Amino acid sequence: MKPTINFYSEQIGEIKKFLEAYYSKEQTLDNELVYQKEFDNPIEMIDIISCFVDNNDKFNMTLWISLDENVYICITDTNINKLIKYIYERYPY
């Protein structure tokens, strides 16, 4: 299993709006309420996680990550720093 990020929203268009701002280009989503992306290198997740936390007051959605099979962590303002540190320590490449 590859590490993943999972966005969830109860409001149509929120995830799409965030992703378009993050990637600076139009996005097409199969499901407007759920978005999942896998990463070969978990360090690559940190940029989008940080962007989400910095802008979470502007979007009505949640972000969960999975580094291990069937283990999900909800990203919040209170756990982001420890989580980023953990990712860098666990995957030092």
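Please refer to the structure higher up on the page.
Residues numbered from 1 in each chain as written. Predicted model: local features only at pLDDT ≥ 70, side-chain atom pairs only at ≥ 80, totals over all residues. Heavy atoms only, no water.

**Focus: the sheet that holds strand β4 (residues 71-74)**
Strands belonging to one sheet form pairs held by backbone hydrogen bonds; the direction of such a pair is parallel or antiparallel. An order of β2-β1-β3-β4 is seen for the 4 strands of this open sheet, with the pairing classed as antiparallel. Sheet topology places β2 (34-38) and β4 at the edges, where each strand pairs with a single neighbour. Recorded for the sheet is a direction-independent mean angle of 20° between the axes of neighbouring strands. Running over the sheet, helix α1 (residues 14-23) touches β1 (4-8) and β2 and is turned about 40° from β2. (Pairing = 2+ DSSP bridges. Helix = DSSP H or I, 4+ residues; strand = E, 2+ residues; numbered from the N terminus. Axes fitted to C-alpha atoms, helices over the stretch in contact; angles between N-to-C directions. Contact = heavy atoms within 4.5 Å.)

**Let's talk about the pairing of strand β3 (residues 62-68)**
Note that β1 and β3 share 5 bridges and pair antiparallel. Its bridge partner lying in β3, Ile 5 is registered against Ile 65. With antiparallel pairing between neighbouring strands as the criterion, β3 and β4 make up a hairpin whose turn holds 2 residues, including Asn 70 at a positive phi of roughly 65°.

**Brief notes about the pattern of salt bridges**
Tallied over the full model, the rule gives 4 salt bridges. Across the pair Lys 2 and Asp 40 runs a salt bridge whose closest N-O atoms are separated by 2.7 Å. With Lys 2 in the segment before β1 and Asp 40 in the loop between β2 and α2 (45-55), the pair connects residues that are 38 residues apart, well separated along the chain. The shortest N-O distance in the salt bridge between Lys 16 and Glu 20 comes to 2.6 Å. A residue pair is termed a helical-turn pair when its members lie 3 or 4 positions apart in one helix, as Lys 16 and Glu 20 do in helix α1 at 4 residues. (Salt bridge = Lys/Arg side-chain N within 4 Å of Asp/Glu carboxyl O.)

**Observations concerning the pairing of β1**
Of all 5 residues making up β1, 4 are buried, and the element is well covered by its neighbours. Note that β1 and β2 share 5 bridges and pair antiparallel. By the bridge assignment for β2, Asn 6 is matched with Gln 36. (Buried < 20%, exposed > 50% of the residue type's maximum accessible area, 1.4 Å probe, protein only.)

**Some details on the nonpolar core**
As a rule of thumb, nonpolar side chains are buried together in soluble globular proteins. In this structure, Phe 7, Ile 65 and Ile 75 are the most contacted members of the largest nonpolar core, which totals 26 residues. Among the elements of the structure, β1, α1, α2, β3 and α3 (80-90) are those that each provide at least two residues to this core. At 6 residues, α2 tops the list of elements feeding residues into this core. (Core = buried A, V, L, I, M, F, W, Y, C linked by side-chain atoms within 4.5 Å.)

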